[in-house]
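For reference, the chains in residue letters:
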Amino acid sequence: MNKTAIFLANGFEEIEALTVVDLLRRAQIEISTVSISDSLEVTGSHNITVKADKLFGDVNFDEIDMIILPGGMPGTNNLFNCEPLREKITEFNNSGKLLSAICAAPTVYGRMGLLDGKKACCYPGCEVNLNGADVQTSEVTVDDNFITSRGMGTAIPFGLAIIEKFQGKKAADEMAAKIVYKQ
């Protein structure tokens with residue numbers, strides 16, 4: 001079974017995070033919500049508080065196949081400022097493991113210099129922080145071990161792209177039909 005983790009920082013975009021969690025759990029792809037703070041409770045950018053499954057220190061990164069970052073402000077900046085998370089992102093990238101992010105969060109990878117020469121997309125206006133990337137305007141961009149997406153309105157296609165990465169296009173199309181997406 002594939003295992004993923006979505007990292008939550010105060011100020012995260014709730015729809016971007018929870019849509020992905022919902023879709024992956026429907027697809028039976030294991031996903032853990034992980035707080036990067038010292039509390040399981042994390043408050044999103046629209047003042048919705050969720051209880052994460054785990055704290056950062058409780059994650060066994062050897063068992064994780066993909067790191068997922070939701071956008072939102074100041075959540076994206078809080079993710080970037082989390083040095084232990086950046087260290088794990090670097091390790092994942094160096095190992096060719098999967099990294100995904102939506103909205104402003106692809107800028108975490110860009111600011112770390114990981115998108116150089118890669119196709120990537122992000123929330124309009126944040127492109128300046130996709131350092132070295134070939135910036136796209138598609139809903140979702142997949143390039144090698146990276147999946148990036150543009151914002152709350154692209155949360156479903158982003159989640160479906162993650163499903164496709166793990167289970168193939170047929171599974172992603174079946175999930176889209178089940179949730180009555182673009183029928």
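This text goes with the structure placed above it.
Residues numbered from 1 in each chain as written. Predicted model: local features only at pLDDT ≥ 70, side-chain atom pairs only at ≥ 80, totals over all residues. Heavy atoms only, no water.

Chemist: Quick one: what's the story with the overall build of the chain, residue by residue and with numbers?
Modeler: Assigned secondary structure in the chain consists of six helices and eleven strands. The globule rule puts the C-alpha radius of gyration for 183 residues at 16 Å, and the 15 Å found for the chain is close to it. In terms of overall dimensions, the chain has C-alpha extents of about 40 × 35 × 35 Å along its principal axes. Excluding contacts between residues fewer than 6 apart, the proportion of contacts in the chain whose partners are at least 24 apart in sequence is 62%. In the form shown here, the chain has an accessible surface area of approximately 8200 Å², with 45% of it arising from carbon and sulfur atoms. (Helix = DSSP H or I, 4+ residues; strand = E, 2+ residues; numbered from the N terminus. Rg over C-alpha atoms; globule rule 2.2 N^0.38 Å. Contact = heavy atoms within 4.5 Å. Areas by Shrake-Rupley, 256 points an atom, 1.4 Å probe, with all protein chains shown as cover.)

Chemist: How would you summarise the sheet that holds strand 6 (residues 66-69) if you had to cite specific residues and measurements?
Modeler: Strand order in this open sheet of seven strands is 5-2-1-6-7-11-10, and the pairing throughout is mixed. Whereas interior strands pair on both sides, the edge strands pair on one side only; in this sheet they are strand 5 (54-55) and strand 10 (140-143). Where strand 6 lies against strand 7 (residues 98-102), four bridges are found, and the strand directions are parallel. Bridged to methionine 66 within strand 7 is leucine 98. Here helix 3 (residues 83-94) sits on the sheet and contacts strand 1 (3-8), strand 6, strand 7 and strand 11 (146-149); the angle it forms with strand 6, its principal contact strand, is near 135°. (Pairing = 2+ DSSP bridges. Axes fitted to C-alpha atoms, helices over the stretch in contact; angles between N-to-C directions.)

Chemist: Describe in detail the nonpolar core, supporting the description with residues and values.
Modeler: A general tendency of soluble globular proteins is for nonpolar side chains to be buried together. Counting 32 residues, the largest nonpolar core has Val20, Leu24, Ile68, Phe158, Ile162 and Ile163 as its most contacted members. Elements represented by at least two residues in this core include exactly strand 1, helix 1 (14-26), strand 6, strand 7, helix 5 (155-167) and helix 6 (169-178). In terms of residue count, helix 5 provides more of this core than any other element does, seven residues in total. In this view, leucine 24 contacts Thr4, Ile29, Ile31, Ile68, Gly159, Ile162 and Ile163; residues no more than four positions away in its chain are not counted. Ranked by size, the runner-up nonpolar core spans 31 residues in total, among them Val59, Ala101, Leu114 and Leu115. (Core = buried A, V, L, I, M, F, W, Y, C linked by side-chain atoms within 4.5 Å. Buried < 20%, exposed > 50% of the residue type's maximum accessible area, 1.4 Å probe, protein only.)

Chemist: Before we move on, can you summarise the packing of helix 1 against helix 5 with the specific residues and values?
Modeler: Direction vectors running N to C along helix 1 and helix 5 enclose 40°, while the axes themselves pass 9 Å from each other. Between helix 1 and helix 5, the interaxial angle falls into the category oblique. Here helix 1 runs over helix 5; the crossing is right-handed. Contacts from Ile15, Glu16, Thr19, Val20, Leu23 and Leu24 of helix 1 reach helix 5 at Ala155, Ile156, Phe158, Gly159, Leu160, Ile162 and Ile163. Residue composition of the contact of helix 1 with helix 5, grouped by class: ten nonpolar, two polar and one charged. (Parallel < 35°, antiparallel > 145°, perpendicular 65-115°, else oblique. Left-handed = near helix turned anticlockwise from the far one by under 90°. Nonpolar A, V, L, I, M, F, W, Y, C, P; charged D, E, K, R; others polar.)

In short, shape yes, function no, at least from these values alone.
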